[in-house]
Amino acid sequence: MTRTLRCRALLLGAAVALTLTACGGNSDSPGASANSKGLEKTTIKVGALPIPDAVSLYIANDKGFFKEEGLTVQPVTITGGAAAIPQVKSGALDISQTNYASTFLAASKGEKLKLVADAYQAGPNTFNIMVPKDSPIKTVADLKGKTVLVNNLRNIATLAVTTQLKVAGLTENDVKFAEKPFPDMGNAITSGQGDACWITEPFITANQSKLGFRKLADTMTGETEDLPIAGWMATDGWAQNNPKTLAAFQRAIAKAQDLASSNRKEIEAMLPKYTKIDAKTASVITLGTYPNALSATRLQKVADLMLDYKYLTSPFDVKSIIAAPSSG
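Figured I'd write up the structure that's included with this text. (Residues numbered from 1 in each chain as written. Predicted model: local features only at pLDDT ≥ 70, side-chain atom pairs only at ≥ 80, totals over all residues. Heavy atoms only, no water.)

Notes on the sheet that holds strand β1 (residues 43-48)
Next up, step 1: One open sheet accounts for 5 strands, arranged β2-β1-β3-β10-β4; its pairing is mixed. Each end of this open sheet is capped by a strand with a single partner; those strands are β2 (72-77) and β4 (113-121). Neighbour-to-neighbour, the strand axes of this sheet turn through a mean angle of 25 degrees, independent of strand direction.
Next up, step 2: Strand direction decides the pairing type here: β4 and strand β10 (residues 228-235), joined by 7 bridges, are antiparallel. Opposite Leu115, over in β10, you have Met233 as the bridge partner.
Next up, step 3: Contacts from helix α5 (residues 81-90) reach β3 (95-99), β4 and β10, with the element oriented near 155 degrees to β3. (Pairing = 2+ DSSP bridges. Helix = DSSP H or I, 4+ residues; strand = E, 2+ residues; numbered from the N terminus. Axes fitted to C-alpha atoms, helices over the stretch in contact; angles between N-to-C directions. Contact = heavy atoms within 4.5 Å.)

Re the pattern of salt bridges
Next up, step 1: The final tally for this structure, using the stated rule, is 11 salt bridges.
Next up, step 2: Taking the shortest distance from any N to any O, the salt bridge between Glu68 and Lys255 comes out at 3.2 Å. Of this pair, Glu68 sits in helix α4 (residues 65-68) while Lys255 sits in helix α11 (residues 243-262), and the two are 187 residues apart along the sequence.
Next up, step 3: On the basis of relative accessible area, Lys255 is assigned to the partly exposed category, the value being 39%.
Next up, step 4: Through salt bridges with shared partners, a single ionic network connects Arg264, Lys265 and Glu268. (Salt bridge = Lys/Arg side-chain N within 4 Å of Asp/Glu carboxyl O. Buried < 20%, exposed > 50% of the residue type's maximum accessible area, 1.4 Å probe, protein only.)

Looking at α5
Next up, step 1: Among the residues of α5, those classed as buried are Gly81, Ala84, Ile85 and Val88. Looking straight down α5, one finds that the buried residues subtend no more than 120 degrees of arc, so they occupy a single side.
Next up, step 2: One or two positions beyond α5, positive phi appears at Gly91, with a value near 90 degrees. (Arc of directions from axis to C-beta.)

A word on the packing of helix α6 (residues 100-108) against helix α14 (residues 296-308)
Packed helices, taken two at a time, are described by the angle their axes make and the gap between the axes.
Next up, step 1: The geometry of α6 relative to α14 is characterised by a closest axis approach of 10 Å and an angle of 65 degrees between their N-to-C directions. Considering their axes alone, α6 and α14 lie roughly perpendicular with respect to each other. Viewed along their axes, α6 and α14 form a crossing whose handedness is right-handed. Only Leu299, Val302, Ala303 and Met306 of α14 make contact with α6, whose side of the interface consists of Tyr100, Ala101, Phe104 and Leu105. (Parallel < 35°, antiparallel > 145°, perpendicular 65-115°, else oblique. Left-handed = near helix turned anticlockwise from the far one by under 90°.)

A word on the layout of surface pockets
Next up, step 1: Of the voids in this model, the largest pocket is the one considered here, and its volume is about 400 Å³.
Next up, step 2: The wall of the largest pocket is formed by 20 residues, among which Pro183, Phe203, Thr275, Lys276 and Ile277 lie closest to the centre.
Next up, step 3: Broken down by secondary-structure element, the contributors of at least two residues to the lining of the largest pocket are β2, α8 (185-190) and α9 (203-211).
Next up, step 4: Grouping the constituent residues of the lining of the largest pocket by class yields 11 nonpolar, 6 polar and 3 charged. (1 Å grid on protein atoms, 1.4 Å probe; cavity = no way out; pocket = protein on both sides within 12 Å on 5 of 7 lines; lining within 4 Å. Points joined across faces, edges and corners; volume = space filled by probe spheres on them. Nonpolar A, V, L, I, M, F, W, Y, C, P; charged D, E, K, R; others polar.)

Remember, this is a structural readout, not a statement about activity or role.
This is the structure in structure tokens:
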């Protein structure tokens, strides 16, 4: 090989090396940052309802908490935890918001699910039965023979309403439950598709101010006072196959939960971005609390209540489906 050819070969080799370094060795690239953390998946789809329960997901995205963990989270709107279970099973969602009643019911029937983080606990007037202002329904007892709209059947909504029916001397069989997404409930009632609705914020305040709806009952009283409502779930298989990704999600969500718990202004600023309500409404809605860790003791209250109302046919130990926090 001549000296000229050798020089050309050396220059070509150097150029290839530089190209490879630029493609795969830049420590500032998102891929390199995520790979350095060893995540099994760097992008995940997470189901969430457009209600305050899920605010920490959006706070964590907005504040860069997920990004700090090398994780890209894509929120996907769902109608409820019961509806989301098939989506996490199929892989359409990696993780989803869920209500604890739906999760415990599914797990009791053999579904392999894991609760991976807490999300929301009820407070007074955070989940109400509402009716139009001119409705002849004046008390819960007047719901007999009426249609009550809920976001999903056989979930926390129907359970909560049933506890109030019991106080009024009725059973769940005395009413008809029908499904309707929270954002559509107000218009559905005004168009005659139902007589009352079980609804949460921000739609309680929105329907009061825009449609003149009034509260019939606060369903988070008595047996359901301070009831744990919502958490984040995945399938058992997903949790086992993606421990580092799960740990990254858990750390970011816990950080966001702490922020939501300590600074209501953060919640108010975030709600209009994903719930389609204005800042004024966000500033006056009633909120529950945002626990930063799953507690088997607190969650057992939900399972025991479900047993009392025959949602479960035998006692259910909630510890069996709680995923331990992972260091990743």
